[in-house]
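A structural walkthrough
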Amino acid sequence: MTRFIDLTLNGISTGAIYAVVALALVLIWRATRIVNFAQGAMLMITTFIASSVISSSGSYWLGFGVALVCGLVLGAVVERVLMRRVEGGPPLNAVIVALGLLILLEAIAGMIWGNTPRSFPPAFSIQGYDIGGTRVLFSPNDTFTVLVVIGVALVLTAVFRGTAIGLKMRAAAFRPEVARMLGVRVGRMLTLGWALAALVGSLAGLLVAPEIFVGPNQFDPILVFGFTAAVLGGLDSFAGAAVGGILLGLALSYVSGYEGSSLVTLAALVILIVVLMIRPGGLFSSTQERRV
Amino acid sequence: MALLEIEDLTTDYGPVRAVDDVTLAVEQGSITAVLGANGAGKTTLLRTISGLEQPSAGHVRLDGQELIGVRVEDIVRRGLAHVPEGRGVIAELSTEENLRLGGLWRGADAVALSDIYDLFPLLRERRSQLAASLSGGERQMLSIGRALMARPRVLLLDEPSLGLAPIVTAQIMKLISTLASERGLAVLLVEQNARSALSIAERGVVLNLGRVVAEDAAGALAADEGLRAAYLGF
């Protein structure tokens, strides 16, 4: 029973991280109708930047803030320079460009920071809470992670549903030409969508880095898990992405705990395929149509 | 001076000349109908006026100011609203979100939603439904209502009767007529349904293969047997 509780707690905290990555993917999907396969590489870059800032300044929160700002800028630059050219074209073009960017960023990171993964400090203590003399597998840092996920999902939902800028972003994503005819500056909305998504992505990088270390290829599995979580949630829903992330985290934690950790990636792919076969719209889908 | 003036406008799609040397004008508070068969260049004419296509030559002036070269989103801000063919409602958004979208750039100066709902009571009942669930007539009303949110001076309408039952078409035409006469809008009305368009328009232009083949008062066009047989089909 203790083992089950530990695995559950561990599943919630790792699932929360998948959820943040999923939120970044859903954000780009909702804002531009593109699945950003370079998300993992983009958050890897900002996490490396955070690592450098932390080791030179000694301040975790300075590195944290710098990474978020860099994410914002990186997202905007990627959209303006690269994605702008393939927006409105066949979806596959955008996918190929994103994959190219992934390879490019990983190579650049290797050249600058080297290919050996380095450790990364957590925001808060990673020592589990002491409950009645027993240490549980859930730490203050995990609490922070879960709160961040809930906060980000709530803020994004509120922005997209309730604000004028959210309405404009959705219109620009669904029907760019119609949006322009209604006075929406579509280009700005797409840039904003990428910037916000990269900001959320860099947050995910900061949260996951203490566990998996920072290296050019360290974040690849995280993107796969984040993508699976996003598809679980239906790709269109922020709440779905958050819940999908937690569910995936739990499932993978049980697989890892009861069957062995070598099966985790395989299990994620099985879940992805099963969901796509049985409920292609995702567990929380509101629309029937799926373009990817 | 007419509110909307189009002078020698020519638009090419590659080697195909879709709009060829078109000149026409729309006065404030009046309706000009643009008639013609499929492929006559009517939709391209509207798309060029609203900035979606770049012309090879010619001028579009709103209140004397050149619109050629101005971006779509800025042309809207000059007071020109284009209701596209196929209605252009965003199916994934609710009725009310579609309406709000139309007035966003105006900020606090946008028309109140309740005014649009008074004009289209059906839309009030459907306010929280996704636009995807609306009927053809309701979508047309939503599309026109959304354009009105930003208080335009000129309204471009592309085939508002397309796919609508005759009784709904009659309602829409009556509404368009009211918008021009009571609100002073200049309306450029593109229609294949020449009979209903000419019934509310002051003037009419007939396009064929991108060129103006006839231009006259609406009554005179409707009475011209030869023109009706050759281009208007009624």
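Conventions adopted
- Residues numbered from 1 in each chain as written.
- Chains lettered and ligands numbered in written order.
- Predicted model: local features only at pLDDT ≥ 70, side-chain atom pairs only at ≥ 80, totals over all residues.
- Helix = DSSP H or I, 4+ residues; strand = E, 2+ residues; numbered from the N terminus.
- Rg over C-alpha atoms; globule rule 2.2 N^0.38 Å.
- Contact = placed C-beta atoms within 7 Å.
- Domains from an automatic or database assignment.
- Nonpolar A, V, L, I, M, F, W, Y, C, P; charged D, E, K, R; others polar.
- Pairing = 2+ DSSP bridges.
- Axes fitted to C-alpha atoms, helices over the stretch in contact; angles between N-to-C directions.
- Buried ≥ 20, exposed ≤ 12 C-beta atoms within 10 Å, placed from the backbone.
- Right-handed = clockwise from strand over helix to strand, strands pointing away.
- pLDDT = per-residue confidence, 0-100.

Brief notes about the overall build of chain B
Of regular secondary structure, chain B possesses 10 helices and 10 strands. Against the globule reference of 17 Å for 234 residues, chain B gives a C-alpha radius of gyration of 17 Å, in line with a compact fold. Along the first, second and third principal axes, the C-alpha set of chain B runs to 45 × 40 × 35 Å. Here the contacts in chain B between residues at least 6 apart in sequence split such that 68% fall between residues at least 24 apart.

Observations concerning the domain arrangement of chain B
Reports of interface size often rely on the accessible area that becomes lost once the parts have come together. Residue and element names in this part refer to chain B. For chain B, the domain assignment lists domain 1 (4-79 + 153-232) and domain 2 (91-151). The interface of domain 1 with domain 2 comprises 8 residues on the first partner and 6 residues on the second. Every element with two or more residues in the side of domain 1 that touches domain 2 is listed here: helix 2 (72-77) and helix 7 (166-183). Taken together, the residues of the side of domain 1 that touches domain 2 sort by class into 6 nonpolar, 1 polar and 1 charged.

So, the interface of chain B and chain A
Across the contact, 20 residues belong to chain B and 16 residues belong to chain A. Those elements that place two or more of their residues in the side of chain B that touches chain A are helix 2 and helix 3 (95-103) of chain B. Looking at side-chain class alone, the side of chain B that touches chain A contains 10 nonpolar, 4 polar and 6 charged residues.

What about the sheet that holds strand 2 (residues 16-26) of chain B?
Residues and elements named next belong to chain B. Taken in spatial order, the 4 strands of this open sheet run 2-1-4-5, and their pairing is antiparallel. Each end of this open sheet is capped by a strand with a single partner; those strands are strand 2 and strand 5 (65-66). For strand 1 (residues 4-13) and strand 2, the ladder comprises 7 bridges, and the chain directions are antiparallel. Across the sheet, residue Glu5 finds its bridge partner in strand 2, namely Ala25. Strands in contact with helix 1 (residues 42-49) are strand 1, strand 2 and strand 4 (57-62); relative to strand 2, the strand with the most contacts, it is inclined by about 65°.

Considerations on the pairing of strand 7 (residues 154-158) of chain B
Residues and elements named next belong to chain B. When you tally the buried positions in strand 7, you get 5 out of 5 residues, the bulk of the element. Relative to strand 7, strand 6 (residues 80-83) runs parallel, the two being bridged by 4 bridges. Bridge pairing in strand 7 links Leu80 to Val154. Bridging between strand 7 and strand 8 (residues 186-191) involves 5 bridges; their strand directions are parallel. Bridge pairing in strand 8 places Val154 opposite Ala186. Handedness of the β-α-β unit built from strand 7, helix 7 and strand 8 comes out right-handed.

Some points on helix 1 of chain B
Residues and elements named next belong to chain B. For helix 1, the buried fraction is high: 8 of the 8 residues fall into the buried class. Among the residues of helix 1, those classed as buried are Lys42, Thr43, Thr44, Leu45, Leu46, Arg47, Thr48 and Ile49. Where helix 1 terminates, the next one or two residues include Gly51, which has phi positive at roughly 95°.

With respect to the confidence of the model for chain B
Confidence in the prediction of chain B, expressed as mean pLDDT, is 92, and 100% of residues score 70 or more. Of the two predicted TM-score estimates for the complex, the pTM is 0.83 and the ipTM is 0.90.

So, the confidence of the model for chain A
Overall, the predicted model of chain A reaches an average pLDDT of 90, with 97% of residues at or above 70. The model gives residues 287-292 of chain A a pLDDT under 50, and that stretch makes 10 contacts with residues more than four places away or in other chains.

Here we look at the sheet that holds strand 10 (residues 211-217) of chain B
Residue and element names in this part refer to chain B. Strand order across the open sheet formed by 6 strands is 6-7-8-3-9-10, with mixed pairing between neighbours. A strand with exactly one partner marks an edge of an open sheet, and here the two such strands are strand 6 and strand 10. Neighbour-to-neighbour, the strand axes of the sheet open up by a mean angle of 15°, direction not taken into account. Sheet topology note: the strand 3 (residues 31-35)/strand 8 ladder contains 5 bridges and is parallel.

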